[in-house]
Amino acid sequence: MPGREQEFSVCDIMGVRVAVTDMPRTLDLLRRNLEAWRGGYICVANVHTTVTASRDEGYRAVQNGSVLVLPDGGPLSRYSRSHGFPDAQRVTGPDLMRAVLTMSADTGWTHYFYGSTPETLAKLRDVLARRYPGARVVGMQSPPFRPLTPQEDAAAVDAINAAAPDFVWVGLGAPKQERWMADHAGRVQALMLGVGAAFDYEAGNIRRAPQWMQRHNLEWLYRLLQDPKRLFGRYLSTNLRFMVWAARQK
């Protein structure tokens, strides 16, 4: 995106241009650039998505085509700090969503949620109304778990744009949500943010790791213990590959 190097520094991690930032700086970027970034998207990167991007040129282009790649995974911000960016900090998708929703009472920002199941969205709507009474939710969609027809996709985009949100929070899981955002760049007239499991965290479907585990970059272990069948193979493959790659960079 033109001018992005003037807005913030980036650290190249396995070919992905990860922003050097922290939560206050990220919120300031959103405040100053929301209008310019409408129609664009933000990726929230972790070790899994970064390793996937290193192996898949198309997915790497999707990541680097975003207006911002945030370091959700602690190892990414730690790598940046060890390679000349001492101020790099982790900015997770769930934390960012909560911070933006909290700010919305003052900014007037409006929100749309795309993804997950109807049951989760119903729970999420109730939770948001209680926790963030000043944040205005203008719509929610739970797309079917299959490819949409062109007509269905056009209707989904029309519904989002008719609601005129400032932010579209996308909870389809990686890498599906990043590909969806890239495919809809310029069509959805809002800033899209792929936040993975944030819908489930906020709705109470999944418990977040204790703060001490988050501080020590052990949130992945907490999630693994909650869902070992789905996550064990992923973590074994991508985490090990990242560790070997990072060791070689030294």
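Just above, that's the structure.
In this text the structure is predicted, and so the values were computed from the model without any measurement.

Turning our eyes to something else, we now look at the overall build of the protein chain. The number of helices and strands found in the protein chain is 13 helices and eight strands. Its C-alpha atoms give the protein chain principal-axis dimensions of roughly 50 × 45 × 35 Å. By the burial criterion, 50% of the 250 residues in the protein chain qualify as buried. Contacts in the protein chain between residues far apart in sequence, at least 24 positions, make up 71% of those at least 6 positions apart.

Quick look at the pairing of strand S4 (residues 68–71) now. Neither face of S4 is left uncovered, since the one carrying Leu 68 and Leu 70 and the one carrying Val 69 and Pro 71 both have all their residues buried. The pairing of strand S3 (residues 41–45) with S4 spans four bridges and is parallel. By the bridge assignment for S4, Ile 42 is matched with Leu 68.

One finds Leu 30, Ile 42, Leu 68, Phe 113, Phe 167, Trp 169 and Leu 191 to be the most contacted residues of the largest nonpolar core, which totals 35 residues. Of all the elements in the fold, those that place two or more residues in this core are helix H2 (23–37), S3, S4, helix H6 (93–107), helix H7 (118–131), strand S7 (167–171), strand S8 (191–194) and helix H10 (198–203). At six residues, the largest contribution of residues to this core is made by H6. In terms of nonpolar packing, the next biggest core, distinct from the first, is built from 34 residues, Ile 13, Met 14, Ala 53 and Ile 160 among them.

A few words on H7. Here H7 spans 20 Å end to end across 14 residues, near enough to the 20 Å set by a 1.5 Å rise per residue. Looking at the buried residues of H7, the elements they touch are H6, strand S5 (110–115), strand S6 (136–141) and H10.

So, about the packing of helix H3 (residues 47–55) against helix H4 (residues 57–64). Where H3 contacts H4, the two axes come as close as 5 Å, and the packing angle between them is 125°. Taken together, the axes of H3 and H4 are oblique relative to one another. Here H3 and H4 pass one another in a crossing that is left-handed. On H4, the residues touching Thr 49, Thr 52, Ala 53, Ser 54 and Arg 55 of H3 are Glu 57, Tyr 59, Arg 60 and Gln 63. Its residues assigned to classes, the contact of H3 with H4 shows two nonpolar, four polar and three charged.

The rules we used
Residues numbered from 1 in each chain as written. Predicted model: local features only at pLDDT ≥ 70, side-chain atom pairs only at ≥ 80, totals over all residues. Heavy atoms only, no water. Helix = DSSP H or I, 4+ residues; strand = E, 2+ residues; numbered from the N terminus. Buried < 20%, exposed > 50% of the residue type's maximum accessible area, 1.4 Å probe, protein only. Contact = heavy atoms within 4.5 Å. Pairing = 2+ DSSP bridges. Core = buried A, V, L, I, M, F, W, Y, C linked by side-chain atoms within 4.5 Å. Expected span 1.5 Å × (residues − 1). Axes fitted to C-alpha atoms, helices over the stretch in contact; angles between N-to-C directions. Parallel < 35°, antiparallel > 145°, perpendicular 65-115°, else oblique. Left-handed = near helix turned anticlockwise from the far one by under 90°. Nonpolar A, V, L, I, M, F, W, Y, C, P; charged D, E, K, R; others polar.

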